[in-house]
Amino acid sequence: MPSRKFADGEVVRGRWPGSSLYYEVEILSHDSTSQLYTVKYKDGTELELKENDIKPLTSFRQRKGGSTSSSPSRRRGSRSRSRSRSPGRPPKSARRSASASHQANIKEARREVEVKLTPLILKPFGNSISRYNGEPEHTERNDIPHKNTQEKFSLSQESSYISTQYSLRPRREEVKLKEIDSKEEKFIAKELAVRTFEVTPIQAKDLEFGGVPGVFLIMFGLPVFLFLLLLMCKQKDPSLLNFPPPLPALYELWETRVFGVYLLWFLIQVLFYLLPIGKVVEGTPLIDGRRLKYRLNGFYAFILTSAVIGTSLFQGVEFHYVYSHFLQFALGATVFCVVLSVYLYMRSLKAPRNDLSPASSGNAVYDFFIGRELNPRIGTFDLKYFCELRPGLIGWVVINLVMLLAEMKIQDRAIPSLAMILVNSFQLLYVVDALWNEEALLTTMDIIHDGFGFMLAFGDLVWVPFIYSFQAFYLVSHPNEVSWPMASLIIVLKLCGYVIFRGANSQKNAFRKNPSDPKLAHLKTIHTSTGKHLLVSGWWGFVRHPNYLGDLIMALAWSLPCGFNHILPYFYVIYFTMLLVHREARDEYHCKKKYGVAWEKYCQRVPYRIFPYIY
Ligand SMILES: NC(=O)C1=CN([C@@H]2O[C@H](COP(=O)(O)OP(=O)(O)OC[C@H]3O[C@@H](n4cnc5c(N)ncnc54)[C@H](OP(=O)(O)O)[C@@H]3O)[C@@H](O)[C@H]2O)C=CC1
Ligand SMILES: CC(C)CCC[C@@H](C)[C@H]1CC=C2C3=C(CC[C@@]21C)[C@@]1(C)CC[C@H](O)C(C)(C)[C@@H]1CC3
């Protein structure tokens, strides 16, 4: 049996493939068949190396008077670029978790290090570390001499992501490096000037949602559609074959008191958001390396809201008012959302370029919809983050409760129907889960890529509370008796969906947080040119979006308690399938750009997107 020279866990120097440069790595495992070692660089990058490409730490010459200035952060002072991750600068979490002896090893190794790891910013937009270059082996490219800065930094017009690349250079090239750095800076500054929203040609960017006409239609069509749906649902026979009821005039729907109640609700949620309880975490790095801080207190806000609602019920507050003025509330929320969107657009005109969303295009209509500013904040108050989880999502649960009480009142029931209980508890679980796992929101497309504009404002503040509660609204005027065997089947379906949804989301979040989490050691991964890995087994080896699959199964379980008399309560499942299929396509587009051939490899290994053997 062939012997191995290095043991698992040993800290050694590994050659950066394609170069003669060595970096400190940790041996993770050894494959006796291929004779390859799997090693991990300090940034978490894992590679397979031959034994010849690995040297013990002791075989490196000790630098006299070893300065520790090899750290990119020290060399570059406080400039934001130094914050980018590189094999030479491990992420904070990795630094924290290392043992004391390992730390000593790292310090020792730093003194000896003969090379520099320089993160180079290639693109001026976005806040995720990504690049597209069409090949999975980032290691091969990094030592290519960059004679032509312009060529090296050529930017694909449609990409909106910041790209970070590790450049490996011997120490003696420091002076040259500085010259290149200053060229890079000039180039990036020039690029920034060119790639502003004012001058970016719209046609050069792939606009999503059908471009300007598409978003125009969505912005006017969706509110009208919302009111039509609610009006149809209130009809005795809500068949689609029936002529839709006429939309009431705006003045008939507007009630200042309702709007006041809505504002009060919003302000209570603002107050809860501002409470200094809950842990503070950092979001993903922004274009300039900054990481915004977010307080995770959504779950506390939910508990406090429940206490307020419980007390109000006890005090005899008439919650039926919300049901009897449901359309007026929907209009109040829509007006609020339009005002908010105008405010968001106006303030974005003054926002620094670095704060713009990678999705913004330069077209006023499109940007009003998609959101021009990525993370609009008033002080530490993050408007998008707040709206995504609080007033709408918690509001949805409160509206469901209102529907449950309305059902009891209108149908003269002593207890709510089983169908209503199922719908309420399933959706309550969904919302509590979102608030409990609040941190996961920070890596969603909405936070990382989309700006805060009409789309998310309307989605968060109007669509979620007034459409996602549609099944409960339907049951108030269209009772459906569910048998216990049927209820049991629906519960099993809901739980299956939840297990897939939560399992997939938790697996990915844990992997992104710590790729070498021992709990995930059994999972297979492929590495990508960005240094990040993609899971190709476990949930993410089943289909490419297992979390969407779970979410859709849950959506079906929410509609089934409404029975099969009408298609209307299945509207959510139909809409949600369309939303997630479209979202999957958007994500696919971004991932292809980010991961290039590695993504294609992943698609080959995991051919189905959402539904196994179907799509
Ligand atoms: N109820 C609702 O109305 C809605 C619910 N949702 C739910 O929100 C959740 C978040 O959705 P969303 O933000 O769209 O996207 P995902 O949580 O699915 O995240 C997609 C990202 O995950 C990473 N990724 C993709 N494949 C892999 C892989 N194989 N291994 C590791 N990482 C991978 C990529 O980012 P990177 O590599 O950069 O980490 C990709 O961009 C989902 O559960 C969804 O169902 C979403 C929309 C609406
Ligand atoms: C109507 C518009 C054209 C589209 C609106 C889409 C929005 C309704 C959704 C976009 C992404 C969302 C997410 C959730 C709710 C719906 C919206 C706002 C989410 C908060 C639901 C709970 C989940 O657990 C989640 C992962 C936190 C979701 C994040 C995305």
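Residues numbered from 1 in each chain as written. Chains lettered and ligands numbered in written order. Predicted model: local features only at pLDDT ≥ 70, side-chain atom pairs only at ≥ 80, totals over all residues. Heavy atoms only, no water.

Colleague: Can you help me understand the packing of aromatic side chains in this one?
Modeller: For any pair of aromatic rings, the description consists of the separation of the ring centres together with the inter-plane angle of the planes. Scanning the model with the defined rule gives 41 aromatic pairs in all. Ring centres of Phe266 and Phe336 lie 4.5 Å apart, and the angle between their planes is 55°; this geometry places the pair in the tilted category. Here the residue Phe266 occupies a position in helix H9 (residues 256-274), and Phe336 occupies one in helix H12 (residues 326-348), the gap between them amounting to 70 residues. Accessibility assignment for this pair places Phe266 and Phe336 in one class, buried. Judged by centre distance (5.9 Å) and plane angle (55°), the ring pair of Tyr572 and Tyr575 falls under tilted. (Phe/Tyr/Trp six-rings, centres within 6.5 Å; stacked < 30°, edge-to-face > 60°. Helix = DSSP H or I, 4+ residues; strand = E, 2+ residues; numbered from the N terminus. Buried < 20%, exposed > 50% of the residue type's maximum accessible area, 1.4 Å probe, protein only.)

Colleague: So what exactly am I meant to see when it comes to the nonpolar core here?
Modeller: Burial of nonpolar side chains together is a common tendency in soluble globular proteins. Residues Leu226, Met403, Phe466 and Tyr468 are the most contacted members of the largest nonpolar core, which totals 120 residues. Not counting chain neighbours up to four residues away, the residues in contact with Phe466 comprise Leu226, Leu230, Phe326, Phe329, Ala330, Ala333, Ile399 and Leu461. In terms of nonpolar packing, the next biggest core, distinct from the first, is built from 16 residues, Leu534, Leu535, Val536 and Tyr595 among them. (Core = buried A, V, L, I, M, F, W, Y, C linked by side-chain atoms within 4.5 Å. Contact = heavy atoms within 4.5 Å.)

Colleague: So what exactly am I meant to see when it comes to the sheet that holds strand S5 (residues 54-56) here?
Modeller: Across a sheet, paired strands are connected by hydrogen bonds in the backbone, their directions being either parallel or antiparallel. On the basis of which strands lie adjacent, the open sheet formed by five strands has the order S4-S3-S2-S1-S5 and antiparallel pairing. The open sheet is flanked by strand S4 (46-50) and S5, the only strands paired with a single partner. Averaged over all neighbouring strand pairs, the angle between strand axes comes to 50°, with direction disregarded. In terms of strand pairing, strand S2 (residues 22-31) meets strand S3 (residues 36-41) through six bridges, oriented antiparallel. If you follow Asp31 over to S3, its bridge partner there is Leu36. (Pairing = 2+ DSSP bridges. Axes fitted to C-alpha atoms, helices over the stretch in contact; angles between N-to-C directions.)

Colleague: Sorry, what's going on with the site of ligand 1 here?
Modeller: What surrounds ligand 1 is a group of 26 residues, the closest being Tyr468, Arg512, Tyr548, Asp551 and Tyr595. Between Asp587 and ligand 1, the recorded distance is 2.6 Å, taken from a side-chain N or O atom to an oxygen atom. A distance of 2.7 Å is found between an oxygen atom of ligand 1 and a side-chain nitrogen or oxygen belonging to Lys594. In isolation ligand 1 exposes 920 Å². Once the protein is present, 88% of that is buried. Elements with a contribution of two residues or more to the shell around ligand 1: helix H20 (484-513), strand S13 (533-535), helix H21 (546-559), helix H22 (571-595) and helix H23 (597-605). Here the residues of the shell around ligand 1 are counted per class, giving 15 nonpolar, four polar and seven charged. (Near = heavy atom within 4 Å. Polar contact = N/O pair within 3.5 Å; in protein donor to acceptor, adjacent residues only side chain to side chain. Areas by Shrake-Rupley, 256 points an atom, 1.4 Å probe, with all protein chains shown as cover. Nonpolar A, V, L, I, M, F, W, Y, C, P; charged D, E, K, R; others polar.)

Colleague: Would you explain the site of ligand 2 in this entry?
Modeller: Close to ligand 2 lie 15 residues; Leu222, Glu388, Ala434, Asp446 and Asp460 are nearest. Considering ligand 2 on its own, with 630 Å² of exposed area, one finds that the protein chains cover 87% of that surface. At the level of secondary structure, the elements contributing two or more residues to the shell around ligand 2 comprise helix H14 (383-389), helix H16 (418-436), helix H18 (454-467) and H22. Broken down by element, the shell around ligand 2 gets its largest block of residues, four residues, from H18. When grouped by side-chain class, the residues that make up the shell around ligand 2 number ten nonpolar, one polar and four charged.

Colleague: What should I look at first to understand a nonpolar patch on the surface in this one?
Modeller: Taken together, the side chains of Leu240, Ile567, Ile574 and Met578 make up a nonpolar region of the molecular surface, amounting to roughly 410 Å² of accessible area. By secondary structure assignment, the location of Leu240 is in the loop between helix H7 (211-234) and helix H8 (250-253). (Patch = residues over 30% accessible without salt bridge, like charges linked within 9 Å, V, L, I, M, F, W, Y side chains within 5 Å. Salt bridge = Lys/Arg side-chain N within 4 Å of Asp/Glu carboxyl O.)

Colleague: Hey, could you run me through the environment of Val335 in this one?
Modeller: Checked against the element boundaries, Val335 lands in helix H12. With 81 residues separating them along the chain, Val335 and Trp254 place their C-alpha atoms 9.7 Å apart. The contact partners of Val335, leaving out residues within four places of it in the chain, are Trp254 and Phe259.

Colleague: Please clarify how the pattern of salt bridges should be interpreted in this entry.
Modeller: Once the charged atoms of two side chains with opposite charge are near each other, the side chains can pair. Within the structure shown, the criterion is met by 19 salt bridges. For Lys279, the salt bridge is made with Glu439, and the minimal N-O distance between the two is 4.0 Å. Of this pair, Lys279 sits in strand S8 (residues 279-282) while Glu439 sits in the loop between H16 and helix H17 (445-448); the two residues are 160 residues apart in sequence, bridging distant segments of the chain. A residue is classified by how much of its surface remains accessible, and Glu439, at 25% relative accessible area, is partly exposed. Taking the shortest distance from any N to any O, the salt bridge between Arg609 and Glu588 comes out at 4.0 Å. Taken together, the residues Arg609 in the segment after H23 and Glu588 in helix H22 connect sequence positions 21 residues apart. A relative accessible area of 9% places Glu588 in the buried class. One continuous salt-bridge network, built from bridges that share partners, spans Arg544, Glu584, Glu588 and Arg609.

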